[in-house]
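Examining the three-dimensional arrangement
Read off the chains here:
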Amino acid sequence: MKTFSATPADIDKKWILIDAEGVVLGRLASIVAMRLRGKHKPSFTPNMDMGDNVIVINADKVQMTGKKREDKKYYWHTGHPGGIKHRTAGQILEGAHPERVVTKAVQRMLPGNRLSRQQMTNLRVYAGAEHPHEAQAPEVLDVKSMNPKNTRSA
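Report on the accompanying structure. Here the structure is a predicted model, which means the values were calculated and not measured.

1. Some words on a positive patch on the surface
- Together, K68, K72, K104, R108 and R152 give the surface a local cluster of positive charge.
- Looking at where R108 falls in the secondary structure, it is placed in the loop between α4 (99-107) and α5 (114-120).

Quick look at the structure:
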């Protein structure tokens, strides 16, 4: 028996819709990262982009456990001496682009290579409940009902 290795002709990508309202950020990102890589498929091949296209809505209503909303910091550097800056997760979630918290969480759960950067293009995150991908007829994945620990009430 030979080990199965997927070819581009074997890859079947689906569209998946996930509602992030009330879901814990890390648990959501873990599930999304697994779907983007394609590890939920029996034909998973590590060197192929065989994951699904994932749409995450209500990213601004994602929950965090403990005091992460105030304590978790996102750093970046301006490029100038002494130019390190930071914002808390709460500031980003209340700012103009709250979807970046979910995007960064998923990105940091994927390996840092060319394939992962390609797979990240299959992720679409929206702060509100609307998305422009109705024509793809996305299949709804209910993350809340998978495990009671996946949800947190405010």
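2. Here we look at the sheet that holds strand β5 (residues 123-125)
- Reading across the sheet, the 4 strands line up as β5-β2-β1-β6 and stay open at both edges, with parallel pairing between neighbours. Among the strands making up the open sheet, the edge pair consists of β5 and β6 (139-140).
- Across 5 bridges, the pairing between strand β1 (residues 15-19) and strand β2 (residues 53-57) is parallel. Each bridged residue has a counterpart across the sheet, and for I18 the counterpart in β2 is V56.

3. Looking at the pattern of salt bridges
- Overall, the coordinates contain 2 salt bridges when judged by the stated rule.
- A salt bridge links D49 to K13, with the shortest nitrogen-to-oxygen separation between them at 3.2 Å. Within this pair, whereas D49 is found in the loop between α1 (25-37) and β2, its partner K13 is found in the segment before β1, the two being separated by 36 residues in sequence.
- On the accessibility criterion, D49 (15% relative accessible area) is buried.
- In this structure, K41 engages D52 in a salt bridge whose closest nitrogen and oxygen atoms are separated by 3.2 Å. With K41 in the loop between α1 and β2 and D52 in the loop between α1 and β2, this pair connects stretches of sequence that are 11 residues apart.

Scoring rules and cut-offs
- Residues numbered from 1 in each chain as written.
- Predicted model: local features only at pLDDT ≥ 70, side-chain atom pairs only at ≥ 80, totals over all residues.
- Heavy atoms only, no water.
- Patch = residues over 30% accessible without salt bridge, like charges linked within 9 Å, V, L, I, M, F, W, Y side chains within 5 Å.
- Areas by Shrake-Rupley, 256 points an atom, 1.4 Å probe, with all protein chains shown as cover.
- Salt bridge = Lys/Arg side-chain N within 4 Å of Asp/Glu carboxyl O.
- Lys, Arg positive; Asp, Glu negative; His and termini not counted.
- Charge placed at Lys NZ, Arg CZ, Asp CG, Glu CD.
- Helix = DSSP H or I, 4+ residues; strand = E, 2+ residues; numbered from the N terminus.
- Pairing = 2+ DSSP bridges.
- Buried < 20%, exposed > 50% of the residue type's maximum accessible area, 1.4 Å probe, protein only.

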